[in-house]
Amino acid sequence: MDSDNKPFGTLNLKPTLDEQSVHNIRKGTKQLRARLQLLRQLEGPRQETEQLRQAVKELARLLAAQRDADVMSGLLQELITETEDLEVQQLLAALRSELHGGDMPAGDFSRIHRLVREIEKNSPRLLQARHSDAEISRVLDTRLAALCAAGRELLSGTDWEALHDWRKQVKKLMYQYQLKPMLSPKEYFVLESLDRLGSVLGSINDLCLLERYILNHQPGETRAHSLEVYARTRDMVDGRRNRELANCHDVFGAISNLQ
């Protein structure tokens, strides 16, 4: 398994990280955690890789709030353009204006900077192990079967938190398929399907995040008309989430039929 010398790409580490840098770091953390999970399954636990895993996990946690704000800001803007309801537009714009509250705390930024440098220094050395295609395939086939079994049950309901946890496994498995030096046509199809499935599940989770954000702002309202505007806004979010869930069923069906 090869690894890049700069797992997070080109970064712009300012006191307020730009959206692209946050995206690059979070994508890098997901790829690294997928590699480390695969190594653990192939080699068993190792202290050095466990330390790297903890560093990557902390880095993702420190960036979560800014990432969530960036995503919700984009979603709110999309919803503004989708509705002709002026009252809903006004509420969405007001919610969007409250998302960004200033620079990241200096302590968090410094810790992020140190973690990025530490991970970029240690990850190439720790991830340089080579394993046969057959070894990797055995692990991936087992994980894919377990993933599909869980998906059949989860997609029969609307447990959004469970779907979010399942999405993490989908993304990890997708990145692990990318680690294979050669993919068969079937494996390439699985990789592309997992990529699409992860994106749809990510959209569902982002809409759940936005729903919670809206609900957290609603308790201060007592006027019946204002509450009705909130209800129309939540209906928009729920409608979009249900459409994404239907897309999720379609994409998952293609993978599930292979099992």
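Here, the structure is the one placed above.
Residues numbered from 1 in each chain as written. Predicted model: local features only at pLDDT ≥ 70, side-chain atom pairs only at ≥ 80, totals over all residues. Heavy atoms only, no water.

Enquirer: What am I meant to see in empty space enclosed by the protein here?
Expert: The gaps left among the atoms become clear once a water-sized probe is rolled over them. A complete count under the given rule lists one cavity of 30 Å³ or more for this structure. Of the volumes computed, that of the largest cavity is approximately 30 Å³. Forming the boundary of the largest cavity are Trp160, Leu163, His164, Leu201, Ile204 and Asn205. Counting only elements with at least two residues in the lining of the largest cavity, the list comes to helix H6 (160–178) and helix H7 (185–217). Looking at the lining of the largest cavity residue by residue, the classes come out as four nonpolar, two polar and no charged. (1 Å grid on protein atoms, 1.4 Å probe; cavity = no way out; pocket = protein on both sides within 12 Å on 5 of 7 lines; lining within 4 Å. Points joined across faces, edges and corners; volume = space filled by probe spheres on them. Helix = DSSP H or I, 4+ residues; strand = E, 2+ residues; numbered from the N terminus. Nonpolar A, V, L, I, M, F, W, Y, C, P; charged D, E, K, R; others polar.)

Enquirer: Mind showing me how you'd approach the side chain of Ser193 here?
Expert: Tracing the backbone through its elements, the reader meets Ser193 in helix H7. A relative accessible area of 0% means that Ser193 is categorised as buried. Excluding residues that lie within four positions of it along the chain, Ser193 makes contacts with Val251 and Ile255. (Buried < 20%, exposed > 50% of the residue type's maximum accessible area, 1.4 Å probe, protein only. Contact = heavy atoms within 4.5 Å.)

No statement about biological role is implied by the geometric values presented.
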